[in-house]
Amino acid sequence: MIGGSDRVEEAGAILRAGGLVAFPTETVYGLGADARSARAVGRIFLAKGRPADHPLIVHLGDVSWLERWAVGVGKDARLLAEAFWPGALTLILHRAPGVPDEVTGGRETVGLRVPAQPIALALLNAFGDGIAAPSANRFGRVSPTRAEDVLADLGDRVDLVLDGGPCQVGVESTILDLTADVPQVLRPGGVDADALEAVLGRAILRTATGPSRAPGMLTAHYAPQAVVEVVAFEHVVVRAAQLLEQGLRVGVMSSSNLTIPGVAGLGSFTTSRDYARELYACLREADRRELQVVLAVPPPATGIGVAVSDRLRRAASSFSLEDEEDAT
Ligand code: TXA
Ligand code: MG
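It should be emphasised that the depicted structure is a prediction, and the values quoted were computed from it without experimental measurement.

Undergrad: I tried to follow the confidence of the model for the protein on my own but got confused; where do I start?
TA: As a general rule, the predicted coordinates of low-pLDDT regions are not to be interpreted in detail. On average, residues of the protein carry a pLDDT of 93, and 93% of them reach 70 or more. Per-residue pLDDT stays below 50 along residues 319-326; that stretch engages in 20 contacts with residues further than four places along the chain or on separate chains.

This is the structure in structure tokens:
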């Protein structure tokens, strides 16, 4: 079932009854359930085919809901929430009593964010409490940025899909862990590290290392069926020629204008924002066109280009040393 903003009240009722509602956010579509209900949250894992120890982000309708879900909310969290919510930033904080283990994967921390998307906010307000939601894709697949992507992946496993059109940011939220001494980015995303540091007024850890990295955020993630190769602009023509010579069906996506005869143009993007917004749709398109290899020239690694490059790298990893933790 698919519907628009006119079905938000109905969607709230589905959530109260323990059902699953897929909804748009500014980053990617989420697969939502009542975050207070272990049973409802359990259905998310079943629908996605995702390992049960991977924690979920709880979406809030307003910054004032923070205390219902987290304890010891400090100055950093307040500053960041004030600056970036609603928006593509997830804060990892100490969980409040009563947050189900099914949401946190048994951790003492919880990931929280207020999404910047009108239908998402209307749904949260109709429901009235936190909605646990991972990206609305099957485990291991590319995140959905359009309602039809959700239907293709989860169709009959979800009670209602709210259609808000294409997602405006296109890559997932930045995850920032505020529970350690120094704030640490666990996943680059829609809000870049420079912006976080500007608000905090000090340096943060920009890459996820050590035990606190986000489970499910390792390699071999966000991958289409096609093999993805990350290639520098100056090498892409030669590499394409080699692949075409082998008789392979090849596509290319790039941050600059690029047409290669015999190679399917999946997208060339003048800004990293555009690249981010179209990235997952392009990877899905590669599969629809049954391409075998996607050559991806990454955008400059600044701003949201950091998140795009991160996702391209993950899409390009064909194997992982820690497979069991992959691909939320
Ligand atoms: O933009 C987004 O964040 C989207 C939209 C729907 O909000 N959601 C999303 O959810 O990307 P998901 O489940 O696909 O990825 C959530 C990530 C996972 O890698 C998980 O490990 C991490 O957040 N995470 C959630 N709670 C955490 C916690 N308490 N500690 C560490 N990592 C956590
Ligand atoms: Mg995901």
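Undergrad: Explain the sheet that holds strand S12 (residues 227-230) to me, please; I cannot follow it from the model alone.
TA: Two orientations exist for strands paired in a sheet by backbone hydrogen bonds: parallel and antiparallel. Within the open sheet, the four strands sit side by side as S12-S15-S13-S14. Their pairing is parallel. Of all the strands in the sheet, the pair left with one neighbour each is S12 and strand S14 (264-268). Sheet twist, expressed as the mean angle between neighbouring strand axes with direction ignored, is 20 degrees. In this structure, strand S13 (residues 250-254) lies alongside strand S15 (residues 293-296), joined through four bridges in parallel fashion. Residue pairing for S15: Gly251 is matched across the bridge by Val294. Packing against the sheet, helix H10 (residues 272-288) makes contact with S12, S13, S14 and S15, and its axis sits at approximately 175 degrees to S13. Most of the contacts of helix H11 (residues 305-316) go to S12, to which it runs at about 130 degrees, and overall it touches S12 and S15.

Undergrad: How do you make sense of the pattern of salt bridges when you look at a structure like this?
TA: Where side chains of opposite charge bring their charged atoms close, a pairing between them can arise. Overall, the coordinates contain 24 salt bridges when judged by the stated rule. Here Arg206 and Asp194 are joined by a salt bridge, their closest N and O atoms 2.6 Å apart. Here the residue Arg206 occupies a position in the loop between helix H8 (193-200) and S12, and Asp194 occupies one in helix H8, the gap between them amounting to 12 residues. Between Arg239 and Glu229 there is a salt bridge whose closest N-O contact spans 2.7 Å. Residue Arg239 is found in helix H9 (residues 236-245), and its partner Glu229 is found in strand S12; the two are separated by 10 residues along the sequence. Classification of Arg239 by relative accessible area gives partly exposed; the value is 23%. The network of salt bridges with common partners includes Glu172, Asp310, Arg311, Arg313 and Arg314.

Undergrad: How should I be thinking about H10 in this particular structure?
TA: In an α-helix, one full turn covers 3.6 residues, which means residues spaced three or four apart are oriented alike. When the terminal C-alpha atoms of H10 are compared, their 24 Å separation across 17 residues agrees well with the 24 Å that a helix rising 1.5 Å per residue should span. At Glu278, H10 shows its maximal kink, close to 45 degrees. Within H10, the full set of buried residues consists of Ser272, Tyr275, Ala276, Leu279, Tyr280, Ala281, Cys282, Leu283, Arg284 and Ala286. Where H10 is buried, its residues contact helix H7 (147-154), S12, S13, S14, S15 and H11. Looking one or two places after H10, you find Glu290, whose phi comes out positive at around 55 degrees.

Undergrad: I tried to follow the domain arrangement of the protein on my own but got confused; where do I start?
TA: By a frequent convention, interface size equals the accessible area lost on bringing the separate parts together. Under the domain assignment used here, the protein contains domain 1 (2-200) and domain 2 (227-327). Each of domain 1 and domain 2 has a C-alpha centre, and these two points are 27 Å apart. The contact between domain 1 and domain 2 buries some 1700 Å² in all, and 52% of this surface belongs to carbon and sulfur atoms. When residues of domain 1 are sorted by the area they lose upon contact with domain 2, Val142, Val171 and Pro188 head the list and together hold 30% of the total. Across the contact surface, domain 1 and domain 2 share four salt bridges. The closest approach of N and O atoms between Glu278 and Arg146, which form a salt bridge, is 3.4 Å.

Undergrad: What's the story with the side chain of Ser309 in this structure? I'm lost.
TA: Following the sequence through the fold, Ser309 ends up in helix H11. The class of Ser309 is buried, set by a relative accessible area of 11%. Contact partners of Ser309, with chain neighbours within four places excluded, come to Pro298 and Pro299.

Rules used in this analysis
Numbering of residues begins from 1 in every chain and follows the order in which that chain's sequence is written. Whichever chain is written first becomes A and whichever ligand is written first becomes 1, with later ones labelled in order. Per-residue local features of the predicted model are confined to residues with pLDDT of at least 70, and side-chain atom pairs are confined, for both listing and counting, to 80 or more; whole-chain, interface and lining totals are unaffected and use all residues. Remark: hydrogens and water are excluded; side-chain values derive from all non-hydrogen atoms of the structure. Values of pLDDT, ranging from 0 to 100, describe the predictor's confidence in every residue of the model. Throughout, a residue-residue contact means that at least one pair of heavy atoms, one from each residue, lies within 4.5 Å. A pair of strands counts as paired when DSSP detects no fewer than two bridges linking them. Numbering of helices and strands runs from the N terminus; a helix is a DSSP stretch of H or I covering at least four residues, while a strand is a stretch of E covering at least two. All axes here are fitted lines through C-alpha atoms, helices being fitted over the stretch that makes contact, and every angle between N-to-C directions spans 0 to 180 degrees. Any Lys or Arg side-chain nitrogen found within 4 Å of a carboxyl oxygen on Asp or Glu counts as a salt bridge. Per-residue accessibility, obtained with a 1.4 Å probe over protein chains only, is compared with the maximum for each type, and a residue is labelled buried under 20%, exposed over 50%, and partly exposed between these values. Helix span, expected: 1.5 Å multiplied by one less than the number of residues in the helix. To obtain the bend at a residue, axes are fitted to the seven residues ending there and to the seven starting there, and the angle between these axes is taken. Domain segmentation is taken from an automatic or database assignment of domains. Once two parts are put together, the accessible area they lose, assessed with a 1.4 Å probe and summed over both, is termed the buried area.

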